[in-house]
Amino acid sequence: MIQDKAKVIIIGGGVIGCSVAYHLSKLGWNDIVLLERKQLTSGTTWHAAGLIGQLRASANMTKLAKYTQELYFDLEKETGVSTGFKRVGSISVALTSERMEELKRSAAMARAFGVDVEEISPREIKNRYPHINLERVVGGVFLGKDGQGDPANIALALAKGARQEGAKIYEGVTATKIFKNQNKVTGVEWTNRHGESGRISCEEIVNCAGMWGHSVGKMLGTNIPLHACEHFYIVTEPIAELTQLPVLRVPDECAYYKEDAGKMLLGAFEPNAKPWGMSGIPKDFEFDQLPEDFEHFEPILEMAVNRVPMLEKAGIHTFFNGPESFTPDDAYHLGRSPEMENVWVAAGFNSIGIQSAGGAGMALAQWMQDKEKPFDLGDVDISRMQPFQGNKKYLFERSKETLGLLYADHFPFRQKESARGVRRTPFHEHLKSKGAVFGEVAGWERANWFSNNGQSDEYRYSWKRQNWFENSAREHMAVRENVGLYDMSTFGKIRVEGKDAESFLNYLCGANLSVDIGKIVYTQFLNSKGGIEADVTVTRLSETTYLIVTPAATRLADETWLRRNQKD
Ligand SMILES: Cc1cc2nc3c(=O)[nH]c(=O)nc-3n(C[C@H](O)[C@H](O)[C@H](O)COP(=O)(O)OP(=O)(O)OC[C@H]3O[C@@H](n4cnc5c(N)ncnc54)[C@H](O)[C@@H]3O)c2cc1C
């Protein structure tokens, strides 16, 4: 019998939904209900390769990945469910000096968060991974506490941990309809596998529906931009000389390798991926896989046979192709949806959902408890997404690129190449004719720098001095010593108007907004912990009117912060 009332309903019983249920229950939440349309883990989670790494591109993501790894280490002891988690360590290998630079930088950041990481030479790589061919290898990093585990059992362990604290998990139950009162969800209609249906009222609701997240988001009145793509790996027949090995990543060849029970798993993050599920995900999708595409995988396999020659003789036991969701910027979606007061999301995990689930679940649960981010989660905050990014054609084009970006060089200033030209200012063509080289922010094409006559109008990415350094310097000096014009078209503009405008902004902002008409104040919106929520300029237009100018990428987030604090 399914209850008719809950404090929170979680939609989706993959590793993410289970982690959110686990962490909310650890915070003492009662009346947690998780609905899963088929069986737990039957979407994407069951077939993940199970790599659990800690090296991430930003400080807070590293902190969360470290938390996940530590949580999984203890989970088996806590729940009695065998998670298969082993700290086998991992090696990431660089084939270029640029990649080595990136690895060193990531390692330095990870070290700052207490992650054990060593830079290792080609010889040390060979000592730890005797099967590797060192051709072109420049160096690498070794993380001793990185691991691998059984994704389905990790999810089931989290589910058990949540159940032990009283959470209710219903399988074979689909959330089919939502009831709303203005911008609050008040309840969910469900249908079970026997065709029965019912209704549960709730105070909060969480979208953990993985690649269904976009359509479940729509049902909830929210924009969750993500698209499924095909993701491939092969598993070999048992190989006689294979013993336990660290996970090996060779991002310059788009490949990862995992030894498991004497077999080798080889997975790929190829640069031109295959989007899937354009006309919706089949209704009966459950523990399903997609058709093989050997031609697509072959270039990766060829490089892999050269890199780990033992693969040449190994028979292929499994060719696996499974769908996973990818977001426009390769970061997952977390937090409170800007459109609704009590709708939360944790979806779109870009092929690192297992290693992210612990940290993401912990951060979201705390955010739901405090109604404020526990720390800076701007990288993944759902309110960074723009309304147009929910467009299916845009998502289709962009997702071809984002899968491969996971293993691409993450150069500073790197621009996305797909789905460009969405928003242009009236000056676009004029600036282009003057040599403008464009970059994209929130869909806007912006003139980032101007090439000289005869100079190539392209970014040449580098970890060192940029190829546009002199161009930018000249622009800077021209404005400093002469007169320049800034095109602010792409910035967000928010007008705050009313008799309480001054006191409202003085409540939200760090600076004093009781200034003369015409004055511009540079300031921040601060939260109750004194943390920075927004970085803006505020211009007083009249006694009762202000114009807030915000970065293009955070307009929606900043407007949402204003509205939520406006109260009545
Ligand atoms: C081939 C492959 C290899 C991978 N390898 C790794 C790896 O090594 N390491 C790693 O970290 N990640 C890996 N991943 C990624 C990882 O598997 C995913 O990021 C993760 O499983 C996503 O979990 P989820 O809970 O968001 O989604 P899912 O597991 O898909 O869960 C979502 C659930 O929501 C349910 N649902 C949807 N709609 C409704 C509804 N209306 N009502 C009720 N329930 C609903 C679905 O049935 C589904 O079970 C891999 C992915 C693939 C495809």
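Below you will find a few notes about this structure. Small disclaimer: the values here were computed from a predicted structure and weren't measured. (Residues numbered from 1 in each chain as written. Predicted model: local features only at pLDDT ≥ 70, side-chain atom pairs only at ≥ 80, totals over all residues. Heavy atoms only, no water.)

**Brief notes about the packing of aromatic side chains**
One pass over the structure, following the stated rule, counts 21 aromatic pairs. Taking 5.1 Å as the distance between ring centres and 20° as the angle between the ring planes, the aromatic pair formed by Y233 and F320 counts as stacked. Taken as a pair, Y233 in strand β12 (residues 227-236) and F320 in strand β17 (residues 316-326) lie far apart in primary sequence, 87 residues in all. Following the ring pairs from residue to residue traces out a cluster consisting of F411, F413, W449, Y459, Y461, W463 and W468. Above the face of the W29 ring, K7 is positioned so that its terminal group lies 4.6 Å from the ring centre. Note that R87 overlies the ring of F73, its terminal NZ or CZ placed 3.6 Å from the centroid. (Phe/Tyr/Trp six-rings, centres within 6.5 Å; stacked < 30°, edge-to-face > 60°. Helix = DSSP H or I, 4+ residues; strand = E, 2+ residues; numbered from the N terminus. Lys NZ or Arg CZ within 6 Å of the ring centre and 35° of its normal.)

**Observations regarding the nonpolar core**
One finds I10, Y72 and L334 to be the most contacted residues of the largest nonpolar core, which totals 48 residues. When residues of this core are traced back to their parent elements, those giving at least two are β1 (5-11), α1 (15-26), β2 (32-36), α2 (59-79), α5 (151-164), β19 (343-347) and α8 (353-370). A per-element tally of this core places α8 first, with eight residues. With near-sequence residues (within four places) excluded, I10 lies in contact with G17, V20, A21, L24, I32, V33, L34, L35, V206 and C208. I239, L266, L301 and L311 belong to the second largest nonpolar core, which has 31 residues in total. (Core = buried A, V, L, I, M, F, W, Y, C linked by side-chain atoms within 4.5 Å. Buried < 20%, exposed > 50% of the residue type's maximum accessible area, 1.4 Å probe, protein only. Contact = heavy atoms within 4.5 Å.)

**What to know about the packing of α1 against α8**
The interhelical angle for the contact between α1 and α8, taken along N-to-C directions, is 40°, at an axis separation of 8 Å. As the angle between them shows, α1 and α8 are arranged oblique. The way α1 lies across α8 gives a crossing that is right-handed. Facing V15, I16, S19, V20, H23 and L24 of α1, the residues of α8 in contact are G353, I354, A357, G358, G361, M362, L364, A365 and M368. Considered class by class, the residues forming the contact of α1 with α8 number 10 nonpolar, five polar and no charged. (Axes fitted to C-alpha atoms, helices over the stretch in contact; angles between N-to-C directions. Parallel < 35°, antiparallel > 145°, perpendicular 65-115°, else oblique. Left-handed = near helix turned anticlockwise from the far one by under 90°. Nonpolar A, V, L, I, M, F, W, Y, C, P; charged D, E, K, R; others polar.)

**Describing the pairing of strand β9 (residues 173-181)**
Bridge count for β9 against strand β10 (residues 184-192) is eight bridges, and the pairing is antiparallel. Its bridge partner being in β10, F179 is matched across the sheet by G187. Between β9 and β10, which pair antiparallel one after the other, the connecting turn spans two residues, and Q182 there sits at a positive phi close to 50°. (Pairing = 2+ DSSP bridges.)

**Regarding the site of the ligand**
Surrounding the ligand, one finds 37 residues, the nearest of these being E36, T45, L51, E324 and Q355. Take G353: an N or O atom from its main chain is 3.0 Å from an oxygen atom of the ligand. Here the ligand has 1,000 Å² of accessible area as a free molecule, and 98% of this is covered by the chains. Counting residues per element, the ones that place at least two in the shell around the ligand are α1, β2, β9, β12, β17 and α8. (Near = heavy atom within 4 Å. Polar contact = N/O pair within 3.5 Å; in protein donor to acceptor, adjacent residues only side chain to side chain. Areas by Shrake-Rupley, 256 points an atom, 1.4 Å probe, with all protein chains shown as cover.)

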